[in-house]
Amino acid sequence: GTYLTSQNYTQETIGGVVAWGPSLNYIFAPFLMLSKDPIFLSQLISIFNILSIFVVMLIGYLFYNKRVAIISGLTLATIPLWFIFSRMIYQPSLIPTFISISILFLFLSLQKLKSIWTIMLFLLWGILIQMYLITYSFVIVSVLMFVYSIFKKTIPTKEILIGILLNIIIFIPSIFYYINRPDLIAL
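Structure report, in brief. (Residues numbered from 1 in each chain as written. Predicted model: local features only at pLDDT ≥ 70, side-chain atom pairs only at ≥ 80, totals over all residues. Heavy atoms only, no water.)

## Quick look at the overall build of the protein
Okay, so step 1: Helix and strand content of the protein: eight helices and zero strands.
Okay, so step 2: Secondary structure elements in the protein, listed N-terminal to C-terminal, are α-α-α-α-α-α-α-α.
Okay, so step 3: By the compact-globule yardstick of 16 Å for 187 residues, the protein fits well, its C-alpha radius of gyration being 18 Å.
Okay, so step 4: With respect to the principal axes defined by its C-alpha atoms, the protein has extents near 50 × 45 × 30 Å. (Helix = DSSP H or I, 4+ residues; strand = E, 2+ residues; numbered from the N terminus. Rg over C-alpha atoms; globule rule 2.2 N^0.38 Å.)

Laid out in structure tokens, this is it:
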């Protein structure tokens with residue numbers, strides 16, 4: 001297929017809707033290029049998800065203190081659902097890592113609004129939504145926090161517009177898919 005038709009390679013859920021976008025395919029592609037062995041892929045995914053522990057610890061260290069960093073990392077590492085889902089090949093298995101990176105980008109962008117972090121934050125919000133639709137809840141809360149935090153500050157217009165443009169680019173396959181399959185649009 002092509003980039004434009006990449007939404008066609010996602011599967012519909014039992015309810016007949018598509019719960020993720022083509023970004024998920026592109027995120028899993030490097031893992032699949034290394035091997036097709038499901039055990040090895042699960043090991044790669046678990047190694048990748050260990051990154052979420054380090055990112056959470058980095059957030060704690062950079063924005064609070066060492067104690068918060070250690071407690072945050074230990075808390076995430078011992079949550080049973082994170083422990084189980086971070087080791088399997090499943091659509092939402094990479095979400096904790098991407099959410100923790102998103103939180104880091106949110107904090108960094110709030111420190112310096114006119115920066116690459118703001119652009120990356122907006123792009124990551126779009127990727128999260130395409131990874132699994134349920135992440136809308138996290139993205140909406142993050143957007144509200146971002147808007148509230150920049151209230152009465154200089155709005156980083158250029159960075160926000162670049163982030164939105166990048167989101168439009170990653171959503172083109174989904175838009176194309178639904179234009180050609182209007183019967184799948186749930187109203």
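## Focus on helix α5 (residues 95-111)
Spacing of three or four residues puts side chains on the same side of an α-helix, whose turn is 3.6 residues.
Okay, so step 1: The end-to-end C-alpha distance of α5 is 24 Å, a good match for the 24 Å that 17 residues give at a rise of 1.5 Å each.
Okay, so step 2: When you tally the buried positions in α5, you get 13 out of 17 residues, the bulk of the element. (Expected span 1.5 Å × (residues − 1). Buried < 20%, exposed > 50% of the residue type's maximum accessible area, 1.4 Å probe, protein only.)

## Digging into the layout of surface pockets
It is the rolling of a water-molecule-sized probe over the atoms that shows where space remains empty.
Okay, so step 1: Of the voids in this model, the largest pocket is the one considered here, and its volume is about 340 Å³.
Okay, so step 2: What lines the largest pocket is a set of 18 residues, and nearest its centre among them are L76, W82, I95, P96 and I99.
Okay, so step 3: Among the elements of the structure, α2 (38-63), α3 (66-78), α4 (80-85) and α5 are those that each provide at least two residues to the lining of the largest pocket.
Okay, so step 4: With five residues, α5 is the single largest residue contributor to the lining of the largest pocket. (1 Å grid on protein atoms, 1.4 Å probe; cavity = no way out; pocket = protein on both sides within 12 Å on 5 of 7 lines; lining within 4 Å. Points joined across faces, edges and corners; volume = space filled by probe spheres on them.)

## Regarding the environment of S115
Okay, so step 1: Tracing the sequence through the fold places S115 in the loop between α5 and α6 (116-131).
Okay, so step 2: For the pair S115 and K158, spaced 43 residues apart in the sequence, the C-alpha separation amounts to 9.6 Å.
Okay, so step 3: Setting aside chain neighbours within four positions, we find S115 in contact with S109 and E159. (Contact = heavy atoms within 4.5 Å.)

## What to know about the side chain of N49
Okay, so step 1: Position of N49 relative to the elements: it lies in helix α2.
Okay, so step 2: Discounting residues that sit within four places of it in the chain, N49 has contacts with W82, S86, S93, L94 and T97.

## Focus on the packing of α2 against α5
Okay, so step 1: Following both chains from N to C, one finds α2 and α5 inclined at 25°, their axes separated by 8 Å at the closest point. In terms of orientation, α2 lies roughly parallel with respect to α5. For α2 against α5, the interelement crossing comes out left-handed. For the pair α2 and α5, the contacting residues are F48, N49, L51, S52, V55, V56, L58, I59, L62 and F63 in the first and P96, T97, F98, S100, I101, I103, L104, F107, L108 and Q111 in the second. (Axes fitted to C-alpha atoms, helices over the stretch in contact; angles between N-to-C directions. Parallel < 35°, antiparallel > 145°, perpendicular 65-115°, else oblique. Left-handed = near helix turned anticlockwise from the far one by under 90°.)

## A word on α2
Okay, so step 1: A rise of 1.5 Å per residue sets the reference length of α2, with its 26 residues, at 38 Å; its end C-alpha atoms lie 38 Å apart and thus fit the reference within 8%.
Okay, so step 2: Taken together, the buried positions of α2 are occupied by L41, S42, L44, I45, S46, N49, S52, I53, V55, I59 and G60.
Okay, so step 3: Considering only its buried residues, α2 is in contact with α1 (22-34), α3, α4 and α5.

## With respect to the packing of aromatic side chains
Okay, so step 1: Considering all chains together, one arrives at 10 aromatic pairs under this definition.
Okay, so step 2: Centroid distance F63 to F107: 5.0 Å. Interplanar angle 85°. Geometry classified as edge-to-face. Residue F63 is located in helix α2, and its partner F107 is located in helix α5; the two are separated by 44 residues in the primary sequence.
Okay, so step 3: On the basis of relative accessibility, which here comes to 21%, the residue F63 falls in the partly exposed class.
Okay, so step 4: Between Y177 and Y178, the aromatic rings sit 5.2 Å apart at their centres with planes inclined by 85°, giving edge-to-face as the arrangement. (Phe/Tyr/Trp six-rings, centres within 6.5 Å; stacked < 30°, edge-to-face > 60°.)

## Overview of a nonpolar patch on the surface
Okay, so step 1: Together, Y3, L4, Y26, L161, I164, L165, I168, I169, I172 and F176 give the surface a local cluster of nonpolar side chains, amounting to about 870 Å² of exposed area.
Okay, so step 2: For the nonpolar patch, the leading source of residues is helix α8 (residues 157-180), giving seven residues.
Okay, so step 3: Here L4 is to be found in the segment before α1.
Okay, so step 4: On the basis of relative accessible area, L4 is assigned to the partly exposed category, the value being 36%. (Patch = residues over 30% accessible without salt bridge, like charges linked within 9 Å, V, L, I, M, F, W, Y side chains within 5 Å. Areas by Shrake-Rupley, 256 points an atom, 1.4 Å probe, with all protein chains shown as cover. Salt bridge = Lys/Arg side-chain N within 4 Å of Asp/Glu carboxyl O.)

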